[in-house]
Amino acid sequence: MNVIDPIVPTFYLYGEPRRAVEERFVHVEALVDRTRPSEWTIRPHAHAELNHIFHVSSGGGAIVTDAGLLPFSAPCLLLVPAGAVHGFRWDYESSGSVVTLATSYLEDFTRRDTGIDGLFDTIAVIACEGDASTRIADRLKGLAQELGWAAPGHRAAADAGLLALLVTVLRLTGPPATGPATPPSPQAALVARLRLLIDERFRLREPVESFAAALGVRPRRLRDACARIARMSPGAMLDQRAMLEAQRSLLYGNLAIAEVGYALGFADPAYFTRFFTRHAGCSPAAFRRRSAERQAVLSRET
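Residues numbered from 1 in each chain as written. Predicted model: local features only at pLDDT ≥ 70, side-chain atom pairs only at ≥ 80, totals over all residues. Heavy atoms only, no water.

1. Notes on helix H5 (residues 186-201)
Stated formally: Helical segments are the DSSP runs of H or I of at least four residues, strand segments are the runs of E of at least two, and each set is numbered from the N terminus. By this rule, a helix spans an expected 1.5 Å times one less than how many residues it contains. Per-residue accessibility, obtained with a 1.4 Å probe over protein chains only, is compared with the maximum for each type, and a residue is labelled buried under 20%, exposed over 50%, and partly exposed between these values. The arc under discussion is defined with respect to the helix axis, by the directions toward the C-beta atoms. Contacts: residue pairs with any heavy atoms within 4.5 Å of one another.
With 16 residues, H5 extends 22 Å between its outermost C-alpha atoms, agreeing within 8% with the 22 Å of an ideal straight helix rising 1.5 Å per residue. Taken as a whole, H5 has its buried residues at Leu190, Val191, Leu194, Leu197 and Ile198. Seen end-on, H5 carries its buried residues on one side only, within an arc spanning 120°. In H5, the exposed positions that point more than 90 degrees away from the buried face belong to Leu196 and Glu200. On its buried face, H5 is in contact with helix H6 (208-215), helix H7 (219-229) and helix H8 (234-252).

2. Considering the layout of surface pockets
Our working rule: A 1.4 Å probe that fits but cannot get out identifies a cavity on a 1 Å grid over protein atoms alone, an open set with protein on both sides within 12 Å along at least five of seven lines counts as a pocket, and a residue lines either if it has an atom within 4 Å of a point. Grid points are joined across faces, edges and corners, and a volume is the space filled by probe spheres set on the points. Asp, Glu, Lys and Arg are counted as charged, while Ala, Val, Leu, Ile, Met, Phe, Trp, Tyr, Cys and Pro are counted as nonpolar; the rest, among them Gly, fall into the polar class.
Approximately 430 Å³ is the volume attributed to the second largest pocket. Around the second largest pocket, the lining is made up of 19 residues, and of these Pro81, Ala82, Phe120, Asp121 and Thr122 lie nearest the centre. Per element, the largest residue contribution to the lining of the second largest pocket is four residues, and it comes from helix H2 (residues 103-110). Classifying every residue of the lining of the second largest pocket gives eight nonpolar, six polar and five charged.

3. Observations regarding the pattern of salt bridges
This is how the line gets drawn: The term salt bridge refers to a pairing of a side-chain nitrogen on Lys or Arg with a carboxyl oxygen on Asp or Glu at a separation within 4 Å.
Summed over the entire model, instances satisfying the criterion amount to 12 salt bridges. For Asp199, the salt bridge identified is with Arg241, shortest N-O distance 2.6 Å. Of the two residues, Asp199 is situated in helix H5 and Arg241 in helix H8; the sequence distance between them amounts to 42 residues. By relative accessible area, Arg241 is classed as buried at 16%. Arg241 is the partner of Glu245 in a salt bridge, and the nearest nitrogen-oxygen pair spans 3.0 Å. Taken together, the positions of Glu245 and Arg241, both in helix H8 and four residues apart, correspond to about one turn of that helix. Arg241 matches Glu245 in its accessibility class, with the two residues each being buried. Connected through salt bridges with shared partners, the residues Asp199, Arg203, Arg241, Glu245 and Arg248 form a single ionic network.

4. Considering the sheet that holds strand S2 (residues 41-45)
Let me state the cut-off plainly: A pair of strands is labelled paired if DSSP reports no fewer than 2 bridges between them. The angle between two axes is taken between their N-to-C directions and runs from 0 to 180 degrees, where each axis is a line fitted to C-alpha atoms and a helix contributes only its stretch in contact.
The strand order across the open sheet formed by four strands is S2-S7-S4-S5, and the pairing between neighbours is antiparallel. Two strands close off the open sheet at either side, each with one partner strand: S2 and strand S5 (68-73). Neighbour to neighbour, the strand axes of the sheet diverge by 20° on average, direction disregarded. The pairing of strand S4 (residues 60-65) with S5 spans six bridges and is antiparallel. Looking across to S5, one finds that Val64 is bridged to Leu69.

5. Quick look at the side chain of Glu29
Put simply, the rule is: Here a polar contact is taken to be a pair of N or O atoms separated by no more than 3.5 Å, where protein atoms must pair a possible hydrogen donor with a possible acceptor and residues adjacent in sequence count only if both atoms sit in side chains.
Mapped onto the elements of the fold, Glu29 is located in strand S1 (residues 26-30). A polar atom in the side chain of Glu29 sits 3.1 Å from the side chain of His27. A distance of 2.5 Å separates a polar atom in the side chain of Glu29 from a polar atom in the side chain of Arg34. Residues in contact with Glu29, not counting those within four places in the same chain, are Arg34, Ser97 and Val98.

6. A closer look at the confidence of the model for the chain
Worth spelling out the cut-off: The score called pLDDT rates the predictor's confidence residue by residue, from a low of 0 to a high of 100.
Of all residues in the chain, 86% attain a pLDDT of 70 or more, and the chain-wide mean is 84. Contacts from residues 1-5, a stretch scored under 50 in pLDDT, to residues over four places away or in other chains number five contacts.

7. Examining the nonpolar core
Short version of the rule: In plain words, nonpolar cores are sets of buried Ala, Val, Leu, Ile, Met, Phe, Trp, Tyr and Cys residues tied together by side-chain atoms within 4.5 Å.
Within the largest apolar cluster, 30 residues are counted, with the highest numbers of intra-cluster contacts made by Leu194, Leu222 and Phe272. No other element matches H8, which puts six residues into this core. One finds Phe120, Ile126, Leu143 and Leu166 within the second-largest nonpolar core, a separate group that totals 27 residues.

8. Things to note about the packing of helix H3 (residues 131-147) against helix H4 (residues 154-172)
Relative placement of two packed helices is described by the angle separating their axes and the distance separating the axes. Rules: Convention used here: angles under 35 degrees read as roughly parallel, angles over 145 as roughly antiparallel, angles from 65 to 115 as roughly perpendicular, and any remaining angle as oblique. Rotating anticlockwise by less than a right angle from the far helix to the near helix defines a left-handed crossing, while the corresponding clockwise rotation defines a right-handed one.
One way to put it is that H3 packs onto H4 with a least axis distance of 9 Å and a crossing angle of 160°. The orientation of H3 relative to H4 falls into the category roughly antiparallel. Remark: the crossing between H3 and H4 carries left-handed chirality. In this structure, H3 contributes Ala132, Arg135, Ile136, Arg139, Leu140, Leu143, Glu146 and Leu147 to the contact, and H4 contributes His154, Arg155, Ala157, Ala158, Leu162, Ala164, Leu165, Thr168 and Leu172. Looking at the contact of H3 with H4 residue by residue, the classes come out as 11 nonpolar, two polar and four charged.

9. What about the packing of aromatic side chains?
Note the threshold: For this analysis, a ring pair means two rings from Phe, Tyr or Trp (six-membered ring only for Trp) whose centres lie within 6.5 Å, classed as stacked if their planes differ by under 30 degrees, edge-to-face if by over 60, and tilted for the remaining angles.
Evaluated as defined, the whole model comprises 12 aromatic pairs. Here the aromatic rings of Trp40 and Tyr92 are separated by 5.8 Å at their centres, their planes lie at 65°, and the arrangement is edge-to-face. Of this pair, Trp40 sits in the loop between helix H1 (32-35) and S2 while Tyr92 is found in the loop between strand S7 (86-90) and strand S8 (95-102), placing the two residues 52 residues apart along the sequence. Note on Trp40: relative accessible area 6%, which makes it buried. For Tyr92, a relative accessible area of 64% translates into the label exposed. Consider the rings of Phe54 and Trp90, whose centres lie 6.1 Å apart with planes at 45°: the pair is tilted. Residue Phe54 is found in strand S3 (residues 50-58), and its partner Trp90 is found in strand S7; the two are separated by 36 residues along the sequence.

What follows is the structure, given as structure tokens:
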């Protein structure tokens, strides 16, 4: 089977070829640096190991997600986790800043405070009016300054500035968590490993036994763990991931429906259509048509 490039491009920073991410990578830039040259439209894309915090100080727009358009208006924060497909339709001359940091760097901070880890579970819009917006803008200005020069201690100061920013964002997301953090159970850890493996291999359409062997466990143990933690079977998790990719391809790409199926490991286009219809409740062609109509309505509303 030929390897086909993913329908949603994966960049380093937007528009830059993908490359290895440094462990302590962090970058701050003005919003207009990439939005203005792109005429205020950022096409759907993803970053494999980079997370975003946007501070929108004026203007607004909508985030393009797998679920549709998510509108926002200033002042606010936008959180985009690594791997999440996202694009933007910005209001003309919106302003603000964006911080991009490596997942490995983020993990350094989550070891100090496990609450930070939950910030990047999903794409989110967080209101930050008045003093909160001013405080975040000041933290971003200080972080950019420390990253832009080589004064003694600038790296430590950047660490402190980034941690202060993350804590500020965390406190805006809701009430503090209570009680000590609980380490994941062996079953939860096994399901987490399975999810990572599925992301790597779901296009191969392998049986559950192959995943169990790769994880070093018996198929029954894997099924029991998935039933308890994910509330679904390993096969259903595989199908769920394949459906997500199929829907992305139909939403964002121009491949024929048969080609979408081939890219996902389905040798028979008719079988792919039956698979998709069973899970989505409509055919791939109907899904693509309805999605286009819904996006057009949402675009007019925003």
